Amino acid sequence: MTATVPASTSAAGTTDERLDEVFAPIFARIAEGAVAREDDRRLAHDEVSWLREAKFGALRVPVELGGYGASVRQLFRLLIDLATAESNLPQALRVHWSFVEDQLAALPDPEAERWLRKVAEGTLVGNAITEPGVGAIDRYQTRLTADGDSWRLDGTKYYSTGSLYSDHILVAADQDGERVSVLVDADAEGVTQHDDWDGFGQRLTASGTTEFSGVQVSGDRILGPGYGVEGRTYATSYLQLVQLSVLAGIAQRATDDVSEWVRERTRTFTHSTADLPRHDPLVQQVIGRLTAAAYSARTIVLDIADQLDRLAETAWQDEKLLDKVEFDVARAQATVIPLVLDATTQLFEVGGASITSERLRLDRHWRNARVISVHNPLIFKLQAIGDHVLNGTELPYAWSAGQK
């Protein structure tokens, strides 16, 4: 299953057709086991290994460094397709993509090039940023303290999304009152990971607790402030767009699953307007709403991905573009979230009680959409958008959860 970038590919990147040739069969294979994984709550280690072997994590890595040289748009197009197959996986890899972008922005720094080559070899990066209780961007309880010629990392993190699938964990910590990002080996001594995420959706994102107890950290693994630095950053729009791509994929998979169910169904109601559900105009209307939601969500995500491509060409430095993308992705949340939540609720109208069968697991679409939607609470986004429009107030950019 190992895939390589063809020698004929130019440094400009790989074509959509070539990317589909590599990844479409893998996504289809992943999709086959989605319901069984949901029933068993089996983490998708095998599925992540298939993606690793195909160098999915190296989509944005330049061809000359061993990657695919994909554009931001190509990345997000494939994230939507992966979310259609298994909505947990794009979210699990969310911070990996921002780590790669940070290294791309740092080129030609030799250390950045070294990490990009490692990514091209299959390295994946998870995260341990959020803390329970008081911990927030400016008050992390996870500490990095001097220990001889190196450093010692101690603390507890929650919502460590994707870390159980990853080789390295990007940890947010306090170093003498300053926020830093620390790259820790996932199997380092003193690292303990727990699959204790208990949300009712997105159950397989490996978003549990991670404990760090006396973990030794060398100076070259301290990467600077990372997410949470004051001022404009591409990271918030980029990371939010990953979540919107998950919603777009959920809407598409819900459309596919329900349409397949309706096509095979012969049972209907005595007062329906057709002999078969697939010929009933009311049922057709529900399917129309579903596919419209999927199309709209996908179109919005790819439009913002195009903006991110333009922003990347400025090394993420164009302040006007940064503000525009941040504003647009916030507005996109206000459209995509209710659109997909409504569609994944209305899908049950195409059938009677049988459509609620746990064998079908159609409920997972709403549950997954509901859970991914609360990661950036819409009520706060709408307030920030309105304040910006009315009063010119700056958008919040990086933020975190914790006690005030």
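These numbers come from a predicted model, not from an experiment. (Residues numbered from 1 in each chain as written. Predicted model: local features only at pLDDT ≥ 70, side-chain atom pairs only at ≥ 80, totals over all residues. Heavy atoms only, no water.)

Chemist: When you look at empty space enclosed by the protein in this model, what are you seeing that I'm missing?
Modeler: Sizing a probe to match a water molecule and rolling it over the atoms shows the empty space that remains. Enumeration according to the criterion identifies two cavities of 30 Å³ or more in this entry. Taken together, 14 residues form the lining of the largest cavity, with Ala85, Glu86, Ser87, Arg364 and Asn368 sitting closest to its centre. Going through the elements one at a time, α2 (34-40), α4 (72-85), α8 (235-264) and α11 (363-373) are the ones with two or more residues in the lining of the largest cavity. Of the residues assigned to the lining of the largest cavity, the class counts are four nonpolar, six polar and four charged. For the second largest cavity, the full set of lining residues is Gln240, Gln243, Leu244, Leu247, Gln333, Ile337, Ile372, Ser373 and Asn376. When residues of the lining of the second largest cavity are assigned to their parent elements, the largest contribution, four residues, is made by α8. Classifying every residue of the lining of the second largest cavity gives four nonpolar, five polar and no charged. (1 Å grid on protein atoms, 1.4 Å probe; cavity = no way out; pocket = protein on both sides within 12 Å on 5 of 7 lines; lining within 4 Å. Points joined across faces, edges and corners; volume = space filled by probe spheres on them. Helix = DSSP H or I, 4+ residues; strand = E, 2+ residues; numbered from the N terminus. Nonpolar A, V, L, I, M, F, W, Y, C, P; charged D, E, K, R; others polar.)

Chemist: How should helix α3 (residues 45-53) be read in this particular structure?
Modeler: Helical geometry: 3.6 residues make up each α-helical turn, so side chains three or four residues apart lie on a common side. Where α3 is concerned, the buried positions are Glu47, Val48, Trp50 and Leu51. The arc enclosing the buried residues of α3, seen along the axis, measures out at 155°, which places them on a common side. Here the buried face of α3 lies against α1 (16-32), α2, α4 and α5 (88-92). In the stretch just after α3, Lys55 is the one whose phi turns positive, near 65°. (Buried < 20%, exposed > 50% of the residue type's maximum accessible area, 1.4 Å probe, protein only. Arc of directions from axis to C-beta. Contact = heavy atoms within 4.5 Å.)

Chemist: When you look at the pattern of salt bridges in this model, what are you seeing that I'm missing?
Modeler: If the charged atoms of two oppositely charged side chains come close together, the side chains can form a pair. Considering all chains together, one arrives at 30 salt bridges under this definition. For Glu86, the salt bridge is made with Arg37, and the minimal N-O distance between the two is 2.9 Å. With Glu86 in the loop between α4 and α5 and Arg37 in helix α2, this residue pair connects regions lying 49 residues apart in the sequence. What makes Glu86 buried here is its relative accessible area of 5%. The salt bridge partner of Arg367 is Glu38, with a shortest N-O separation of 2.7 Å. Pair noted here: Arg367 is in helix α11 and Glu38 is in helix α2, with a separation of 329 residues, a long-range link. Residue Arg367 shares its accessibility class with Glu38, and that shared class is buried. Salt bridges sharing common partners tie together Glu38, Asp39, Arg203, Glu358, Arg361, Asp363 and Arg367. (Salt bridge = Lys/Arg side-chain N within 4 Å of Asp/Glu carboxyl O.)

Chemist: Which parts of the structure should I look at to understand the pairing of strand β7 (residues 210-217)?
Modeler: Residues in a regular strand project their side chains so that they alternate between the two faces of the sheet. By the bridge criterion, six bridges tie strand β3 (residues 150-157) to β7 in an arrangement that is antiparallel. In the sheet register, Gly155 faces β7, and the bridge partner there is Phe212. (Pairing = 2+ DSSP bridges.)

Chemist: Sorry if this is basic, but what is going on with the nonpolar core here?
Modeler: A general feature of soluble globular proteins is that nonpolar side chains tend to end up buried together. Within the largest apolar cluster, 68 residues are counted, with the highest numbers of intra-cluster contacts made by Phe23, Phe56, Leu59 and Phe76. Looking at this core, the elements that each hand over two or more residues are α1, α3, α4, α5, α8, α9 (281-312), α10 (319-346) and α11. Those residues in contact with Leu59, other than ones at most four positions away along the chain, are Leu19, Phe23, Tyr68, Gly69, Ala70, Leu75, Leu78 and Trp97. By size, the runner-up hydrophobic cluster in this structure holds 16 residues, among which are Ile169, Ala173, Val191 and Val215. (Core = buried A, V, L, I, M, F, W, Y, C linked by side-chain atoms within 4.5 Å.)

Chemist: Teacher, can you tell me more about the environment of Arg73 here?
Modeler: Looking at where Arg73 falls in the secondary structure, it is placed in helix α4. The sequence separation of Arg73 and Phe99 amounts to 26 residues, and the corresponding C-alpha distance is 17 Å. With near-sequence residues (within four places) excluded, Arg73 lies in contact with Leu302, Ala305, Asp306 and Asp309. Of note is the side chain of Arg73, whose polar atom sits 2.8 Å from the side chain of Asp306. (Polar contact = N/O pair within 3.5 Å; in protein donor to acceptor, adjacent residues only side chain to side chain.)

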